[in-house]
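Descriptive structure summary
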Amino acid sequence: MTLYVHNTLTRQKEEFKPIDAKNVRFYACGPTVYSYAHIGNARPAVVFDLLARLLRHIYGKKHVRYTCNITDIDDKIINAAKLTGEPISAITGKFARIYDEDMAAIGVEKPDFQPRATEYVPQMLAMVDKLVKAGHAYVADGHVLFDVLSWPDYGRLSRHNRKDIIAGARVEVAPYKRDPADFILWKPSTSDQPGWDSPYGRGRPGWHLECSAMNEAINGNHFDIHVGGEDLIFPHHENEIAQSVCAHGGEKYVNYWMHNGHLMVEGQKMSKSVGNVLLVHDLVKRSFGEVIRFALLSTHYRKPFDWTEELLQQSKRTLDKYYGFLCVVKDIEADDSAVPQTFVEALSDDLNTPKAFAELAVLAKNLSIAGTDAEKAVAKGALLAAGRLMGLLQQDVEKWFQGGGDDRIEGLIEERKVAKQNKDFACADQIRRNLEKEGILLEDTSQGTRWKRK
């Protein structure tokens, strides 16, 4: 199977050729853990979780190394600690755990490595030392800065030249910089800020340095794929390339760069001022995680994405239909080990999820029209295998229509059952009516009472 990816560096779709097919390495910039993740954070997490699944399918699980970091030292975290009065470790520990739980709810599998920035400060300082000695960095006013003019290829990823960068005010102008475009590798910490002892004084790393140092430690100087949101192309990924290439004597850093498009909400940019920030933590309380995942994958990852309530409802209706087909054949055994070739080919075309969803619809239709039990078994297996690769259609079919199961509802159904046995039909009818007001429909069958949400 040939995999094609769009390489941001070349602006072209290219055949993916791993450095070592038995050790495919790719890295995603993960969350800065000071608050809840919003739906914009969830998009790259879901998209590149799908990439990890596809790479494992093609090359084998043991031959793929997926790394996604946790940024647990950052000015936003420091500010959050000042506002709340909580220790930084308490804030980062809490929100790292919540992030993992919320991503798991939308089908994001934990990466093979999830390094925390604070665990790699010695490696960061070692990289700073290399850059200073190589003449690519300098010390000024307690800071260590990368000298942009020392590397002629700076700006190649983002297609920004130095004059554009400065004119567009994309950099922090400071008196201690030799050039306005120079960026911080190490900065001083005050007594009330977290810091580490270093040859340059007590301080902490610059954000860009963190990913370079963690990649050097985990993936080596040169690895296969680096991914993230397109908002990270500049300055974060541009600076990563500069410091990593220069720290390693000009050796190439990454072969393929992949970036997902921006996310909007109901046609507007998501922002606190507009009041339309949607938190994953809240969304998973009112909707199946699979529905959220389906919606996020419905648009090609490189295109801008507009999150709407209608899209969420349409995603739910589509999954309801597919689970309905599976419910009919729930007692038929099926081999779901082989993913249909046409489905894999769709995903292998630069994660073409719209095309993959079209293939999924065909597989679902095949199941709905299958005649014999043997035909149904084959069709069911194909649909489940494709769904598993996408991180979909893995729920118990009956619990799906119940909204995932609910102990309180089950308790009320049992209470209604006892009331009917005691011939207290008024009580039984009242329980039914109360549940109907909540959107819960009861169906009395010979096997007992079943329920589902409207």
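See the structure printed just above.
Now for a look at the structure at hand. (Residues numbered from 1 in each chain as written. Predicted model: local features only at pLDDT ≥ 70, side-chain atom pairs only at ≥ 80, totals over all residues. Heavy atoms only, no water.)

**Brief notes about the state of the cysteines**
Working definition: the covalent bond between the sulfur atoms of two cysteines is a disulfide. Let me state the cut-off plainly: Cysteine sulfurs are considered disulfide-paired once they come within 2.5 Å of each other.
In total, this model carries 0 disulfides according to the counting rule given. C29 forms no disulfide, and the closest cysteine sulfur to it belongs to C211, at a distance of 3.9 Å.

**Brief notes about the nonpolar core**
Heads up, the rule is: Buried residues of nine kinds, namely Ala, Val, Leu, Ile, Met, Phe, Trp, Tyr and Cys, make up a nonpolar core once their side-chain atoms join them within 4.5 Å. Burial classes: relative accessible area under 20% of the type maximum marks a residue as buried, over 50% as exposed, and values in between as partly exposed (1.4 Å probe, protein chains only). Numbering of helices and strands runs from the N terminus; a helix is a DSSP stretch of H or I covering at least four residues, while a strand is a stretch of E covering at least two. Throughout, a residue-residue contact means that at least one pair of heavy atoms, one from each residue, lies within 4.5 Å.
Formed by 78 residues in total, the largest nonpolar core has its most connected members in L55 and W307. Top element by residues in this core is helix 1 (residues 39-59). It accounts for 12 residues. Among residues more than four places away in sequence, those in contact with W307 are I39, L263, M264, V265, E266, L278, L283, I292, A295, L296 and L312. One finds M127, L185, L209 and C246 within the second-largest nonpolar core, a separate group that totals 42 residues.

**Section: the pairing of strand 7 (residues 183-188)**
Threshold: Two strands qualify as a pair provided DSSP detects at least 2 bridges between them.
For strand 7, the buried fraction is high: 5 of the 6 residues fall into the buried class. Relative to strand 7, strand 6 (residues 143-146) is paired through 3 bridges, and the arrangement is antiparallel. Paired with L145 across the strands is I184, a residue of strand 7. Across 3 bridges, the pairing between strand 7 and strand 8 (residues 203-205) is antiparallel. Bridge assignment links W186 to a residue of strand 8, and that residue is P205.

**Here's the deal with the packing of aromatic side chains**
Counted only if it meets this: Think of it this way: a Phe, Tyr or Trp ring, Trp meaning its six-membered ring, pairs with another when their centres are within 6.5 Å, and the plane angle makes it stacked under 30 degrees, edge-to-face over 60, tilted otherwise.
Across all of its chains, the model carries 13 aromatic pairs by this definition. Judged by centre distance (5.0 Å) and plane angle (15°), the ring pair of F146 and F183 falls under stacked. Placement of the pair is F146 in strand 6 and F183 in strand 7, with a sequence separation of 37 residues. According to the relative accessible area criterion, F146 is buried, its value standing at 0%. Given the relative accessible area of 6%, F183 is considered buried.

**Looking at the sheet that holds strand 7**
The cut-off we apply is this: Every axis in this analysis is a line fitted to C-alpha atoms, fitted for helices over the stretch in contact. Angles between the N-to-C directions lie between 0 and 180 degrees.
Strand order in this open sheet of 4 strands is 5-6-7-8, and the pairing throughout is antiparallel. In the strand order of this sheet, the two ends are held by strand 5 (137-140) and strand 8, each with one partner. Taking the axes of each pair of neighbouring strands and ignoring which way they run, one obtains an average angle of 20° across the sheet. Against the sheet, helix 7 (residues 233-247) contacts strand 6 and strand 7, and its axis sits at roughly 80° relative to strand 7.

**Considering the pairing of strand 5**
Pairing between strand 5 and strand 6: 4 bridges, direction antiparallel. Residue A137 lies in a different strand from strand 6, and its bridge partner there is F146. Joining the antiparallel neighbours strand 5 and strand 6 is a turn of 2 residues, in which D141 adopts a positive phi near 55°.

**Here we look at the packing of helix 9 (residues 289-297) against helix 10 (residues 309-328)**
What counts, and what does not: The cut-offs work like this: below 35 degrees is roughly parallel, past 145 is roughly antiparallel, 65 to 115 is roughly perpendicular, and the gaps in between are oblique. When the near helix sits turned anticlockwise from the far one by under a right angle, the crossing is termed left-handed; a clockwise turn instead gives a right-handed crossing. Note that Gly is not counted as nonpolar here; it falls among the polar residues with everything else outside the nonpolar set of Ala, Val, Leu, Ile, Met, Phe, Trp, Tyr, Cys and Pro and the charged set of Asp, Glu, Lys and Arg.
Look at helix 9 against helix 10: their axes get within 9 Å of each other, and the N-to-C directions meet at 115°. The angle between helix 9 and helix 10 falls in the class roughly perpendicular. Pair helix 9 / helix 10 crosses with right-handed handedness. Within the contact between the two elements, helix 9 uses E290, V291, I292, F294 and A295 and helix 10 uses L311, L312, S315, K316, T318, L319 and Y323. Split into classes, the residues belonging to the contact of helix 9 with helix 10 amount to 8 nonpolar, 2 polar and 2 charged.

**Brief notes about the sheet that holds strand 3 (residues 24-28)**
One open sheet holds the 4 strands; their spatial order is 4-3-9-10, and the pairing between them is parallel. Whereas interior strands pair on both sides, the edge strands pair on one side only; in this sheet they are strand 4 (64-68) and strand 10 (254-260). Adjacent strand axes in the sheet meet at a mean angle of 20°, parallel and antiparallel pairs treated alike. Two strands pair when backbone bridges link them, and strand 3 and strand 4 are joined in this way by 5 bridges, in the parallel orientation. In the strand pairing of strand 4, F26 is matched with Y66. Those strands touched by helix 1 are strand 3, strand 4, strand 9 (223-229) and strand 10, and its axis lies near 165° from that of strand 4. Here helix 6 (residues 207-218) sits on the sheet and contacts strand 3, strand 4 and strand 9; the angle it forms with strand 3, its principal contact strand, is near 160°.

**What about helix 10?**
Heads up, the condition is: Given the number of residues in a helix, its expected span is that number minus one, multiplied by 1.5 Å.
When the terminal C-alpha atoms of helix 10 are compared, their 29 Å separation across 20 residues agrees well with the 28 Å that a helix rising 1.5 Å per residue should span. The secondary structure elements touched by the buried residues of helix 10 are helix 8 (280-286), helix 9, strand 13 (305-307), helix 12 (353-369), helix 13 (373-390) and helix 14 (397-401).

**Considerations on the packing of helix 10 against helix 12**
Direction vectors running N to C along helix 10 and helix 12 enclose 35°, while the axes themselves pass 9 Å from each other. As helix 10 runs across helix 12, the sense of the crossing is left-handed. Residues Y322, F325 and L326 of helix 10 lie in contact with helix 12, whose contacting residues are L360, A361, A364, L367 and S368. Partitioned by chemical class, the residues of the contact of helix 10 with helix 12 number 7 nonpolar, 1 polar and no charged.

Without other data, these values stay purely geometric and don't point to any function.
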